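Chains, contacts and geometry: an overview
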Amino acid sequence: MGPFFYDLNTDMKATIVWLNGPSRQDLLSAFPLQENEIGCNFIRRDRPVGNVVCFDQGTVRENNKNIETGVNYYTRDAYQRPPWNVVHQWRSVDPQNSGMMALLLATQISKDPIYILGLDWGITTKSVYEYPGRQSPRKYTLGCKRQLKILSETHKITVVNDGVPDVDIPVIGKKAFIEMFNK
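Residues numbered from 1 in each chain as written. Predicted model: local features only at pLDDT ≥ 70, side-chain atom pairs only at ≥ 80, totals over all residues. Heavy atoms only, no water.

1. Observations concerning the overall build of the protein chain
Secondary structure assignment for the protein chain yields four helices and eight strands. The linear arrangement of helices and strands in the protein chain, starting from the amino end, is β-β-β-α-β-β-α-β-α-β-β-α. Counting every position in the protein chain, which comprises 183 residues, the buried fraction comes to 50%. Look at the contacts in the protein chain between residues 6 or more apart in sequence, and 53% of them connect residues 24 or more apart. (Helix = DSSP H or I, 4+ residues; strand = E, 2+ residues; numbered from the N terminus. Buried < 20%, exposed > 50% of the residue type's maximum accessible area, 1.4 Å probe, protein only. Contact = heavy atoms within 4.5 Å.)

2. With respect to the sheet that holds strand E2 (residues 36-40)
Read from one edge of the open sheet, eight strands run E5-E4-E3-E2-E1-E6-E7-E8, paired in parallel fashion. Looking at which strands have only one partner, the edges of the open sheet turn out to be strand E5 (84-86) and strand E8 (171-172). Note that strand E7 (residues 157-160) and E8 share two bridges and pair parallel. Paired with Val-160 across the two strands is Ile-172, which belongs to E8. (Pairing = 2+ DSSP bridges.)

3. A closer look at the environment of Asp-120
On the secondary structure map, Asp-120 appears in the loop between strand E6 (114-117) and helix H3 (142-152). Each residue touching Asp-120, except ones within four places of it in the same chain, is listed here: Gly-21, Pro-22, Ser-23 and Asn-161. Polar side-chain contacts of Asp-120 include one of 2.4 Å to the side chain of Ser-23. (Polar contact = N/O pair within 3.5 Å; in protein donor to acceptor, adjacent residues only side chain to side chain.)

4. Considering unusual backbone geometry
With an omega dihedral of 10°, the bond running from Pro-82 to Pro-83 counts as a cis peptide bond. When you line up the elements, Pro-83 lands in the loop between strand E4 (72-75) and E5. Despite not being glycine, Asn-41 has its phi angle at roughly 55°, a positive value. Note that Asn-41 resides in the loop between E2 and strand E3 (51-53).

5. Here we look at the pattern of salt bridges
Under the criterion given, the structure shown has eight salt bridges. Where Asp-46 meets Arg-24, a salt bridge forms, and the shortest distance between an N and an O atom there is 2.6 Å. Remark: Arg-24 occurs in the loop between strand E1 (15-18) and E2 and Asp-46 occurs in the loop between E2 and E3; sequence separation between them is 22 residues. Of the residues examined, Asp-46 reaches a relative accessible area of 34% and is grouped as partly exposed. Between Arg-44 and Glu-68 there is a salt bridge; the shortest N-O distance is 2.7 Å. Pair noted here: Arg-44 is in the loop between E2 and E3 and Glu-68 is in the loop between helix H1 (57-64) and E4, with a separation of 24 residues, a long-range link. Through salt bridges that share partners, Lys-145, Asp-166 and Asp-168 make up one connected network. (Salt bridge = Lys/Arg side-chain N within 4 Å of Asp/Glu carboxyl O.)

6. What about the nonpolar core?
Grouped together as the largest cluster of nonpolar side chains are 29 residues, with contacts concentrated most on Leu-103, Ile-116, Leu-119, Trp-121, Leu-148 and Ile-157. Taken together, the elements giving at least two residues each to this core come down to E2, helix H2 (98-109), E6, H3 and E7. Per-element accounting of this core gives the leading share, seven residues, to H2. Here Leu-148 is in contact with Met-100, Leu-103, Ile-116, Leu-119, Trp-121, Ile-157, Val-167 and Ile-169, once residues within four sequence places are set aside. Grouped together as the second largest cluster of nonpolar side chains are 25 residues, Tyr-73, Tyr-79, Leu-117 and Met-180 included. (Core = buried A, V, L, I, M, F, W, Y, C linked by side-chain atoms within 4.5 Å.)

7. Brief notes about the layout of surface pockets
If you add up the space inside the second largest pocket, you get close to 150 Å³. If you trace the second largest pocket, you find it lined by Asn-41, Phe-42, Ile-43, Arg-44, Arg-45, Val-52, Glu-62, Asn-63, Asn-66, Glu-68 and Tyr-73. Within the lining of the second largest pocket, the residues separate by chemical class into four nonpolar, three polar and four charged. (1 Å grid on protein atoms, 1.4 Å probe; cavity = no way out; pocket = protein on both sides within 12 Å on 5 of 7 lines; lining within 4 Å. Points joined across faces, edges and corners; volume = space filled by probe spheres on them. Nonpolar A, V, L, I, M, F, W, Y, C, P; charged D, E, K, R; others polar.)

8. Concerning the state of the cysteines
In total, this model carries zero disulfides according to the counting rule given. Its sulfur unpaired, Cys-40 is 8.1 Å from the next cysteine sulfur, which belongs to Cys-54. (Disulfide = S-S within 2.5 Å.)

Remember that the coordinates give geometry; whether it matters functionally is a separate question.
Listed below in C-alpha cells is the structure:
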C-alpha cells in the first residue's frame, strides 16, 4: 500500500472512501495518498488506492482485465474468486451497491475517521464512469441512507461536498477538508 499522511498538528489519520459522483474530481490529486483508501469500480484509473470494491458482475469482470499486485479487491459472495475478497454484511447493513459496500469495508478495516468523497446523493444522478445497462439513474435509496446512518453510529463518518447531499450525517466542504492536510 502507498504512503499515508499524518496531520502534523493533530496526528490525524483518515480513511478515504471514493464514490463515483462528479464532486470528487477536483480532489483526486488534492491531498496525499492515505494508508486506507477505498474506491468503487474503476477508481484506479484516476487514483492509486489500495482497495477496490465492485458490487456488479460487469465491473468485477472489467477489473479482472487489469488486476494489479498489491491492490486488495472486494466484492460480494456471488462473484468471489481469487483475487477477490468478500465484504460481509454487518448488523442490518447489507450493501446494495459498490458505494455502500466500500463504506462497509471502511468500517471493517479501520477505526480512523472516514471521509466519503464523490457522494452526490440528491445533488446529481451523474457518475464519473459509464455503466452499460444501468437501469436506474438514482444513485441511492432510502435503504442506503438508513445503512449510512447505522454505520455512523459506530464510526466517525463525514461526507466531503460543497453542496448539500441527501444524508443524515455531517458534511464538510472541500476547502476545509483539504486544509486538514495542509496545516
